[in-house]
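# Geometric and topological summary
Okay, here's what each chain looks like letter by letter:
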Amino acid sequence: MASVRYVAIGDSFTEGVGDELPDGHVRGWADLVAQGWADASGEPIDYANLAIRGKLVWPIVEQQLEPALALKPTHLSFNGGGNDMLRPRTSISRVVEAFDHVLRRCDEEGVGLIVLAGANPSGQLPLSRLIQRRGDLLSDAVASRLRGRDDVATAFNWYDRELSTPPYWSEDRLHMNSRGHHRVAARVLTALGMEPPTDWWSLPPLPAGAPRGVAYYRDHVGPWVRRRLTGTSSGDGRAAKFGEWTPIVPSVG
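Starting from 1, residues in each chain are numbered consecutively following that chain's sequence as written. Given that this is a predicted model, residues contribute local features only at a pLDDT of at least 70 and side-chain atom pairs are listed and counted only at 80 or more, while totals for whole chains, interfaces and linings are drawn from all residues. Derived side-chain values reflect all non-hydrogen atoms in the structure, with water molecules and hydrogen atoms excluded from consideration.

### As for the packing of aromatic side chains
Aromatic ring pairs: the centre-centre distance and the angle between the two ring planes describe each pair. Stacked, tilted and edge-to-face are the three classes applied to pairs of Phe, Tyr and Trp rings, where Trp contributes its six-membered ring and a pair requires centres within 6.5 Å; stacked means planes under 30 degrees apart, edge-to-face means over 60, and tilted covers the rest. Tallied over the full model, the rule gives six aromatic pairs. Placement of a charge over a ring requires the Lys NZ or Arg CZ to be within 6 Å of the ring centre, with the centre-to-atom vector within 35 degrees of the ring normal. The ring of Trp58 is capped by Arg94, whose NZ or CZ atom sits 4.2 Å from the centre of that ring. In this arrangement the basic side chain of Arg179 is found over the ring face of Tyr168, its NZ or CZ atom lying 4.2 Å from the centre.

So this is what it looks like as structure tokens:
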């Protein structure tokens, strides 16, 4: 068994939605962190990713945390609350309680915790002021809870103004593109005391082509509204992409 066993839990942010590979699979920052970790250490690590898109924060905790801890990881990353912020009746304090619970369970199990705040999409979304305010409150509250916990690695992407600009986001304006996921991965590796590839902080911009006006609402906002009205989720029926340990070996060269 590898000396580093890293498991990620969360929603689409951690699953990697927006960073689609040519074969249709999603990659994302957590996959990049796993590879970067192996490269930096020069040794294979074990990696699992239980994140499922569309999940609210407490379903993440209730459905993913204990299975993740059952894998006996050395490190666990957690982010949640992004989908909660899009709901009309969201209790920020209840979301923060989920972070408290994950911290307590990782302390009990002796697992190193990595906490992330999601990136800020609010400037390009409908209801931008509401999302901005909720995101500010959530990020500030989590940062306050973790003050003095130097043993917890933190990557607070919400405060990164460059990351909030359109060149880091996919066509739906809600999920980061490959450029955004690489920037988040660079921040996580830095928080873990490793040196990420310098270009991960700002890869060349991707070709523009996002739908605008009516086309954007038809292609992206409309389907989201229909899921809310029907009580369905983009993650319904999906399984974790790496539900068991997957060995990640250092890159050659």
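### A short note on the nonpolar core
Nonpolar cores were defined as sets of buried Ala, Val, Leu, Ile, Met, Phe, Trp, Tyr and Cys residues, with membership established by side-chain atoms within 4.5 Å. Exposure categories follow from relative accessible area, calculated using a 1.4 Å probe and restricted to protein chains: below 20% of the type maximum is buried, above 50% is exposed, and the middle band is partly exposed. By size, the foremost hydrophobic cluster in this structure holds 38 residues, and its most contacted members are Ile9, Leu76, Phe78, Val102, Leu113 and Leu138. Elements supplying a minimum of two residues to this core: β1 (5-9), α3 (57-70), β3 (75-78), α4 (92-109), β4 (112-117) and α5 (128-145). Helix and strand definitions here come from DSSP, where helices need a minimum of 4 consecutive H or I residues and strands a minimum of 2 consecutive E residues; each element is numbered from the N-terminal end. Top contributing element to this core by residue count: α4, with eight residues. Dropping the residues within four chain positions of it, Leu138 is found in contact with Gly80, Gly81, Met85, Ile92, Val95, Val96 and Phe99. Residues Ala8, Leu32, Tyr47 and Val188 belong to the second largest nonpolar core, which totals 30 residues. Whether two residues are in contact is decided by their heavy atoms: any pair within 4.5 Å suffices.

### Some details on unusual backbone geometry
Positive phi, close to 60 degrees, is recorded for Lys72, a residue that is not glycine. Within the secondary structure, Lys72 sits in the loop between α3 and β3. Overall, Lys72 belongs to the exposed group, its relative accessible area being 52%.

### A word on the sheet that holds strand β5 (residues 153-156)
Strand pairing in a sheet relies on backbone hydrogen bonds. The paired strands run either parallel or antiparallel. Here, a strand pair is defined by DSSP locating no fewer than two bridges between the strands. If you walk across this open sheet you meet the six strands as β5-β4-β3-β1-β2-β6, and the pairing is mixed. Each edge of the open sheet carries a strand with a single partner, namely β5 and β6 (242-248). The sheet shows a mean angle of 15 degrees between the axes of neighbouring strands, taken without regard to direction. As defined by bridge partners, β1 adjoins β3 across four bridges and the pair is classed as parallel. The residue bridging Ala8 from the neighbouring strand is Ser77, located in β3. Under this scheme, a helix contributes an axis fitted over its contacting stretch, all axes are lines through C-alpha atoms, and angles between N-to-C directions fall in the 0 to 180 degree range. Its contacts with the sheet put helix α6 (residues 178-191) on β4 and β5, and the angle it makes with β5 is roughly 150 degrees.

From the geometry alone we can't say anything about function, so treat these as descriptive.
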